[in-house]
Amino acid sequence: MVIKRRDFLQVGSLATASLMLPKFLKAFEKPMMVPQGNKVVVVIQFSGGNDGLNTVIPVQNDIYYKSRPQLGITKQNALLLTDDVGLNPALINFKDLFDDGSLGILNNVGYPNPDRSHFRSMDIWQSGSASSDYITTGWIGRYLDAQCNGCNKPTQAMEIDDILSLALKGQNSKGLAFKDPRRLYSSSNEKYFKDINADHHAGEETADYLYKTMSETLSSADYIFQQSKLHPTSESYPSTELGKDLKTIASLIYSEINTKVYYVSLGSFDTHVNQDSQQKKLFTELNDAIKAFTSDLKKNNRFDDVLLFTFSEFGRRVTQNASGGTDHGTANNMFLISGGLKEKGIINPMPDLSDLQDGDLKYRVDFKNVYATILNKWLGADDKTILGNQFDYLNFI
């Protein structure tokens, strides 16, 4: 068969954009019943470098207010968690989660020799590597490699986005990226692609790979779509992007698809200018979507089985800049949300603003300790193999 350039490009587009599929998706053709108690991880990436100091606020710290004379959030405006710590005023539901014991806050999370480049630091977080290493696979992708080695019904990872992130790319297995099951189903069922796939004969290696990816899409998209309709959530979600994404995730959690990890992004938090309004806008979207999502999980008795955590590639500098914003920094905080937390509230000390490194926060917790804890204690995986080293476990789960 001769592949026309137009055909090849269209097949390539199908394979590399919203229909990036792992080779094991044929397992979807045989439904897998997932019992209650099946542990699920939901990752929310704060893209752009969220300012952690205006997220979890040291409301009694004079250095904080001297460093941010216009940008500092006053104790009166913060949502007080303790006498010394408050939350950004847009995060009202997070305060409620804190009060009911289902929110944990990890402070000073980062890694040695931090990089202030968005792209490089995000690669470090998504690959789960040291800052001196350059790795082309992600920590969730390597989890898929480990879990799917030799099994005919492997576990899954899904990203609610049009493009698959490095985090979900393994050596042999990859997660699935799509915005919603209906769009995936509609795109994959176009007659054009089915005709091309039916007419394919093995030949050139790159074309074979593209056809193989397309074939897996065609054999899987219908099943994913049908499963997503089995138990659609009845909860009302906000019409924001994050609201829609978490609604999709909730419906998939309630279906029989054996997905262990869901990945979604919110941003941009790159607030060099006009930080107050931009962070407020993003946190309002976050707060409203999380409120619907956690309420939904509680009503469906799944809140104890789902662990949601947030991260950003770095925090911001302690001192505000001249444009009403903050510049790239280092260590940051992470939110942990679940009915199954063992450590809750403010899990470790707040940042020491009197002990900085070149004007930036010093990391006290390596993010790979967080990953190791989740992989081992929540997902039951061999974290040492996946991360390449043994990292101490934390006690939040």
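Numbering of residues begins from 1 in every chain and follows the order in which that chain's sequence is written. Under the rules for a predicted model, residues below a pLDDT of 70 receive no local features and side-chain atom pairs below 80 are neither given nor counted, while totals for whole chains, interfaces and linings still include all residues. Hydrogens and water molecules were not included; the side-chain quantities draw on all heavy atoms of the structure.

**Student:** When you look at the sheet that holds strand β4 (residues 85–87) in this model, what are you seeing that I'm missing?
**Tutor:** Sheet strands pair via backbone hydrogen bonds, and the direction of the pair is either parallel or antiparallel. Taken together, the three strands give an open sheet; going across it, the order is β2-β4-β3, and neighbouring strands pair in antiparallel fashion. Edge positions in the sheet fall to β2 (56–58) and β3 (79–80), since each of these pairs with one other strand and no more. Pairing between β3 and β4: two bridges, direction antiparallel. By the bridge assignment for β4, L80 is matched with G86. Pairing between strands is defined by DSSP: at least two bridges between them are needed. Here a helix means four or more residues in a row that DSSP labels H or I, a strand means two or more in a row labelled E, and each is numbered from the N terminus.

**Student:** I tried to follow the packing of aromatic side chains on my own but got confused; where do I start?
**Tutor:** Each aromatic ring pair is characterised by the separation of its centres together with the angle its planes make. Centre distance within 6.5 Å is the pairing criterion for rings of Phe, Tyr and Trp, where only the six-membered ring of Trp is used; planes under 30 degrees apart are then read as stacked, over 60 as edge-to-face, and the remainder as tilted. One pass over the structure, following the stated rule, counts 13 aromatic pairs. Here F269 and F283 contribute two aromatic rings whose centre-to-centre distance is 5.7 Å and whose plane-to-plane angle is 50°, an arrangement assigned as tilted. In this pair, F269 sits in the loop between β8 (259–267) and α10 (275–299) while F283 sits in helix α10, placing the two residues 14 residues apart along the sequence. Each residue's exposure class comes from its accessible area (1.4 Å probe, protein chains only) as a fraction of the maximum for that residue type: buried when under 20%, exposed when over 50%, partly exposed otherwise. We classify F269 as buried; its relative accessible area is 1%. With a relative accessible area of 0%, F283 lands in the buried category. Here F309 and Y371 contribute two aromatic rings whose centre-to-centre distance is 6.5 Å and whose plane-to-plane angle is 50°, an arrangement assigned as tilted. Residue F309 is found in strand β9 (residues 306–312), and its partner Y371 is found in helix α11 (residues 367–378); the two are separated by 62 residues along the sequence. Across the pair, Y371 and F309 agree in class, each one buried. Criterion for a charge above a ring: Lys NZ or Arg CZ within 6 Å of the ring centre, and within 35 degrees of the ring normal. Residue placement shows K39 over the ring face of W378; its charged tip is 4.3 Å from the ring centre. Of note, R120 hangs over the ring of Y134, and the distance from its end group to the ring centre comes to 3.8 Å.

**Student:** Where do I start with the nonpolar core in this structure?
**Tutor:** Generally speaking, soluble globular proteins have nonpolar side chains that are buried together. Residues V42, F94, L246, I253, L286, I290 and F293 are the most contacted members of the largest nonpolar core, which totals 47 residues. A per-element tally of this core places α10 first, with eight residues. For this analysis, residues touch if any pair of their heavy atoms sits within 4.5 Å. With near-sequence residues (within four places) excluded, I253 lies in contact with V40, Y262, F293, L297, R302 and V306. Within the second largest apolar cluster, 41 residues are counted, among which are V109, M122, L164 and L375. In this text, buried Ala, Val, Leu, Ile, Met, Phe, Trp, Tyr and Cys residues form a nonpolar core when linked through side-chain atoms within 4.5 Å.

**Student:** I would appreciate a short explanation of the pairing of strand β10 (residues 332–337) in the present structure.
**Tutor:** Regular strands show a simple pattern: their side chains alternate between the two faces of the sheet. In terms of burial, β10 is largely enclosed, as six of its six residues are buried. With burial as the criterion, each face of β10 is covered, one bearing N332, M334 and L336 and the other bearing N333, F335 and I337. Of the pairings in the sheet, the one linking strand β5 (residues 103–110) to β10 comprises five bridges and is antiparallel in character. By the bridge assignment, L106 is partnered in β10 with M334. One ladder, built from two bridges, connects β9 with β10; its direction is antiparallel. Looking across to β10, one finds that L308 is bridged to I337.

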